[in-house]
Every structure is written in C-alpha cells, then in structure tokens.
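Listed below are the residues making up each chain.
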Amino acid sequence: MLGVKGSTIKGHLDMLVLSVLAAGPLHGYAVIEELKTRSGDSFDLPEGTIYPVLHRLEKEGLLASAWSEAAGRRRRTYTLTRAGKRALVEQRRAWQAFSDAVGRVLGGAPWPAKI
Amino acid sequence: MAGQDLILGYLAQVRAVGGFRRDADAIVAELEDHLRSGVERRMHDGLDEVTAQKESLDVIGEAGDVARELCRCNGKGVALPSRLSRAGGIGALIAAALIMVSPLPLYAWVHVWLAGSSEVTAYWVYALVLVASSMASLIALLGTLARAGAGASSGAVAVTGMAGFGVVLTALFTWGSLETLALICLPFGLALARLARITPLPSGAWLQVAAWPVALAVFAALNKLTGLGPADEYGDHPWAWFWGGAVYAVLWSIGQIALGRLLLAERMVNTVAPTLVA
C-alpha cells in the first residue's frame with residue numbers, strides 16, 4: 001500500500017471532498033472514512049484537517065450543511081450544492097487533463113536521438 | 001482509567017484556542033461528533049473504550065493545530081489573539097487618552113485665532129496631539145486586522161494604506177482634520193466589521209466609526225445653520241470647529257477604549273496545556 005502524505009493530498013483535497021459528497025450527504029467523520037475506503041487507506045491525513053476544508057467549501061457555496069441529532073449528540077451533515085456539482089465536473093476535467101499529460105510524459109519513449 | 005474521558009479533555013484544549021470564534025460551540029460539537037463516531041467504530045471493532053479514545057485522538061491531529069486551522073481565514077491570517085493584537089489594544093488606549101485631551105489646545109487656539117493673534121503654539125500642540133493620537137490609532141488598526149485574521153491580505157493592506165494616508169493628511173492639514181479623519185474612520189469601520197464576524201464586539205467600539213460623520217454634522221450645523229460665535233475672515237465660525245473636534249474626540253475615545261479593552265482582555269494562546277477530564 002502506498003501511503004500518500006497529507007501535504008501531497010492538500011492541493012487536491014477540495015476535489016476529493018466534493019467527489020465523496022457527490023454520492024450523497026455525509027457528516028465529517030463519514031467523509032474521512034469514505035476517503036480512506038476509496039483510496040484503499042493510502043491517504044495519511046490528520047482527520048482534523050478535513051473541517052477547515054468543509055467550512056471553506058461551504059463558505060464558497062459549494063457545500064451546504066444542516067444540523068441534526070444522531071446517537072444523542074449534534075451532527076452536522078454536508079451536501080453538495082449545484083455550484084459544488086459544477087465545480088466538481090470542472091475539477092475532474094482539469095485533473096483528467098493533468099493526469100493524461102503526466103502519464104504521457106512518464107510513459108513516453110526515451111529521448112529520440114535525432115541526428 | 002475507567003470513568004476518564006480523554007475526548008472531553010481534547011475538546012477543552014480546542015475550546016481554549018478556538019473559543020475566540022463566534023461559532024466555537026458548533027466547532028466543538030462537530031469535533032465531538034467526529035471523535036465519538038471514531039470511538040464507536042473502534043469499540044465495534046473490539047477495542048476497549050480508553051484505547052478507542054486514544055486511537056481516535058491520535059488520528060485527528062493536535063488540538064492546538066486543529067483549532068488554529070479552524071481559525072484561519074481563507075488560508076491567510078489566523079483570527080486569534082496575538083502580540084500584534086495586544087499591541088493594537090495598547091495603541092487604542094493611548095490614542096483614546098491623547099484624543100481626549102485634544103479639545104484643550106483646540107479651545108486655546110480658537111481663542112487665539114479669534115483675537116487675531118499670530119501666536120500659533122496652541123495650534124501646533126493641537127496638531128501634535130491629533131497626529132500622535134492618529135498614529136496610535138494606526139497601531140490599533142493593525143492589531144484589529146491581525147485579530148480579525150486579515151493577515152497580509154490585499155484588503156488589509158488597502159485599509160492600512162488608507163488610514164496611513166489619513167494620518168499624513170491630518171498632519172499636513174490639521175485645520176481640515178474634520179475632513180481628513182474620514183480616512184481613519186472608514187478603515188476602522190471595515191476592520192471592525194470583519195472582527196465582528198469572528199468575535200462579539202462591545203457596542204461602544206462602533207462609536208469610533210460614527211465619530212467622523214457625527215462630528216462633521218455638528219460642525220456643519222453650527223457653522224452654516226446657526227453660525228455659532230463670531231466668524232473669522234473666511235466667514236467660518238471657529239467655535240463650530242471646536243465643537244466638531246470635541247464631539248469627534250469624545251466619540252473616538254469611547255470607541256478606542258472599548259476596542260482597546262477587548263483586544264487586551266483576550267488571553268494570547270501560544271501553547272495549550274494537555275488536560276484530562278475525569
């Protein structure tokens with residue numbers, strides 16, 4: 001299993017969180033669990049770092065949150081907004097383009113020795 | 001360890017740092033739900049409660065770091081009490097003390113002016129007190145912006161620049177200070193509006209924002225409408241200027257005192273001592 005450091009993930013965390021929430025509303029702990037499950041436990045991220053991201057995305061209008069009662073305590077659940085869905089589509093497209101380009105570079109033929 | 005709740009201890013540490021935010025209760029509730037969910041899952045996997053709590057705390061991150069990240073504003077400054085915000089508090093109190101005495105030399109200068117004397121000592125004393133007070137207010141503004149987590153954002157640089165320009169103009173044209181002081185009042189309005197989103201402000205703090213328009217209105221009313229006292233060679237009424245300046249001094253000093261007390265009352269948080277709640 002390849003452990004990916006938090007600093008590496010940080011730049012992509014917005015997209016990852018939006019992607020996890022595209023499947024349906026989740027609370028913070030469930031978002032982290034889903035990230036771990038989907039990544040095959042590859043992400044080495046302090047769990048507390050997810051909340052500033054969730055709060056910021058909500059402030060930017062990409063997420064909406066609602067409080068409810070669960071297991072005798074208050075729980076905040078996040079939902080992807082319409083703007084969040086649009087942002088996710090855009091970020092997925094950008095990531096795919098970047099990933100394809102990196103793949104071409106890494107998998108490309110050796111430098112041709114042109115004479 | 002039975003009966004000890006490590007999670008409550010952790011949340012107390014978060015609150016010690018993040019408690020300066022308006023929404024501290026919601027943040028703590030959200031973190032508690034996160035930690036308890038983790039404990040429940042680990043206990044379901046077969047761990048005892050204390051071990052489950054320890055594991056949950058290990059993976060969430062150090063309480064101070066988590067709270068600081070939650071207090072970070074748009075990835076820029078951290079909206080927490082700091083040395084700069086405390087310096088701002090001291091600056092505000094100095095500014096209040098200086099502006100409170102400013103009506104005295106202004107009063108003396110109006111007498112000299114109306115007597116037609118060329119003696120300018122009172123005028124320069126007034127100018128000196130007003131500029132010194134404005135400079136102290138500039139430090140208070142920097143402290144307010146720091147406390148509000150504005151950091152070195154373009155907005156913070158813009159309002160600081162505007163206030164600095166206001167101090168320079170006030171120094172150069174003290175006789176027109178009822179106009180130039182707007183450049184100091186307005187930045188404070190913006191800085192206080194930002195700070196109010198993070199922590200509750202004493203209502204008195206807003207008086208410094210009202211100081212300029214109210215003082216200008218008093219001056220305009222006494223100068224143009226009622227024509228208070230004798231007029232000078234330009235047709236203006238120096239006593240109107242005095243009362244405008246006095247009203248400004250009173251409102252500004254009340255506002256600066258309220259702000260200074262707020263910034264100084266908050267405990268600066270550098271380290272958070274670990275606590276265990278039984």
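All values reported here derive from a predicted model rather than from experimental measurement.

> Please explain the overall build of chain A as it appears in this structure.
When its secondary structure is counted, chain A shows five helices and five strands. Buried residues in chain A amount to 24% of all 115 residues. The long-range share in chain A, meaning contacts at least 24 apart out of those at least 6 apart in sequence, stands at 55%.

> Would you take a moment to explain the nonpolar core for this structure?
In a soluble, globular protein the nonpolar side chains are often hidden away together inside. The biggest cluster of nonpolar side chains holds 98 residues, and the ones touching the most others in it are Val17(A), Val14(B) and Tyr248(B). Split by domain, the residues of this core number at least three in each of domain 1 (6-71) and domain 2 (83-265) of chain B.

> Please clarify how helix H4 (residues 63-71) of chain B should be interpreted in this entry.
An α-helical turn contains 3.6 residues, so a residue and the one three or four places further along point in the same direction. By the burial criterion, the buried members of H4(B) are Ala63(B), Val66(B), Ala67(B), Leu70(B) and Cys71(B). Around the axis of H4(B), the buried residues are gathered within 135 degrees of arc, so they sit on the same side.

> I'm lost on the packing of helix H3 (residues 28-39) of chain A against helix H4 (residues 50-59) of chain A in this one. Help?
All names here are of chain A. Two numbers describe how H3 lies on H4: the axes approach to 10 Å, and their chain directions differ by 110 degrees. When the interaxial angle is binned, H3 and H4 end up roughly perpendicular. Note on packing geometry: the crossing formed by H3 with H4 is right-handed. Facing H3, whose interface residues are Gly 28, Val 31 and Ile 32, H4 presents Ile 50, Tyr 51 and Leu 54.

> Help me out: how do you make sense of the interface of chain B and chain A in this one?
Quite often, the size of an interface is put as the accessible area lost when its parts meet. Counting residues at the interface gives 15 residues for chain B, matched by 13 residues for chain A. Broken down by secondary-structure element, the contributors of at least two residues to the side of chain B that touches chain A are helix H2 (24-44), helix H3 (49-60) and H4 of chain B. The dominant element in the side of chain B that touches chain A, judged by the number of residues it contributes, is H2(B), at eight residues. The residue inventory of the side of chain B that touches chain A, partitioned by class, reads five nonpolar, four polar and six charged.

> Help me out: how do you make sense of H3(A) in this one?
Residues and elements named next belong to chain A. In a regular helix each residue adds 1.5 Å, so twelve residues correspond to 16 Å; H3 covers 17 Å between its end C-alpha atoms and thus fits that length. Turning to H3, its buried residues are Gly 28, Tyr 29, Val 31, Ile 32 and Leu 35. Buried residues along H3 cover an arc of 165 degrees about the axis, so they all sit on one side. Looking one or two residues past H3, Gly 40 carries a phi angle of roughly 65 degrees, positive in sign.

> Sorry if this is basic, but what is going on with the environment of Ala182(B) here?
Topologically, Ala182(B) is positioned in helix H10 (residues 182-196). Taking the C-alpha atoms as reference points, Ala182(B) and Val209(B), 27 residues apart in sequence, are found 9.0 Å from one another.

> Any chance you could explain the pairing of strand E5 (residues 73-80) of chain A here in plain terms?
The side chains of a regular strand alternate, residue by residue, between the two faces of the sheet. All names here are of chain A. Note: strand E2 (residues 26-27) against E5, two bridges, orientation antiparallel. Within E5, the residue paired with Leu 26 across the bridge is Tyr 78. Relative to E5, strand E4 (residues 63-70) runs antiparallel, the two being bridged by eight bridges. Bridging across to E5, Ser 65 finds its partner in Tyr 78. Taking the residues that link successive antiparallel strands as the turn, the E4-E5 hairpin has two residues, and the phi of Ala 71 there is positive, at about 50 degrees.

> Is there a simple way to think about the packing of H10(B) against helix H11 (residues 207-225) of chain B in this case?
Helix packing for two helices is described by the angle between their axes and how far apart those axes are. All names here are of chain B. Across the interface, H10 lies against H11 with an axial gap of 8 Å and an inter-helix angle of 150 degrees. Taken together, the axes of H10 and H11 are roughly antiparallel relative to one another. The two elements H10 and H11 cross, and the hand of that crossing is left-handed. Each of Ala 182, Cys 185, Phe 188, Gly 189 and Leu 192 in H10 lies in contact with H11, whose residues at this interface are Gln 208, Val 209, Ala 211 and Trp 212. Residue classes in the contact of H10 with H11 are distributed as seven nonpolar, two polar and no charged.

> Would you mind showing me how to read the confidence of the model for chain B here?
Interpretation of this model should avoid reading the predicted coordinates in detail wherever pLDDT is low. Residues and elements named next belong to chain B. Mean pLDDT over chain B: 86, with 92% of residues reaching 70 or higher. Looking across chain B, the model is least confident in H4, with a mean pLDDT of 80, and most confident in helix H5 (residues 83-101), with 95. Considering only residues more than four positions removed or in separate chains, one finds that residues 271-278, a stretch of pLDDT under 50, has 18 contacts. As a predicted assembly, this complex carries a pTM of 0.68 together with an ipTM value of 0.81.

The rules we used
- Residues numbered from 1 in each chain as written.
- Chains lettered and ligands numbered in written order.
- Predicted model: local features only at pLDDT ≥ 70, side-chain atom pairs only at ≥ 80, totals over all residues.
- Helix = DSSP H or I, 4+ residues; strand = E, 2+ residues; numbered from the N terminus.
- Buried ≥ 20, exposed ≤ 12 C-beta atoms within 10 Å, placed from the backbone.
- Contact = placed C-beta atoms within 7 Å.
- Core = buried A, V, L, I, M, F, W, Y, C linked by C-beta atoms within 7 Å.
- Domains from an automatic or database assignment.
- Arc of directions from axis to C-beta.
- Axes fitted to C-alpha atoms, helices over the stretch in contact; angles between N-to-C directions.
- Parallel < 35°, antiparallel > 145°, perpendicular 65-115°, else oblique.
- Left-handed = near helix turned anticlockwise from the far one by under 90°.
- Nonpolar A, V, L, I, M, F, W, Y, C, P; charged D, E, K, R; others polar.
- Expected span 1.5 Å × (residues − 1).
- Pairing = 2+ DSSP bridges.
- pLDDT = per-residue confidence, 0-100.

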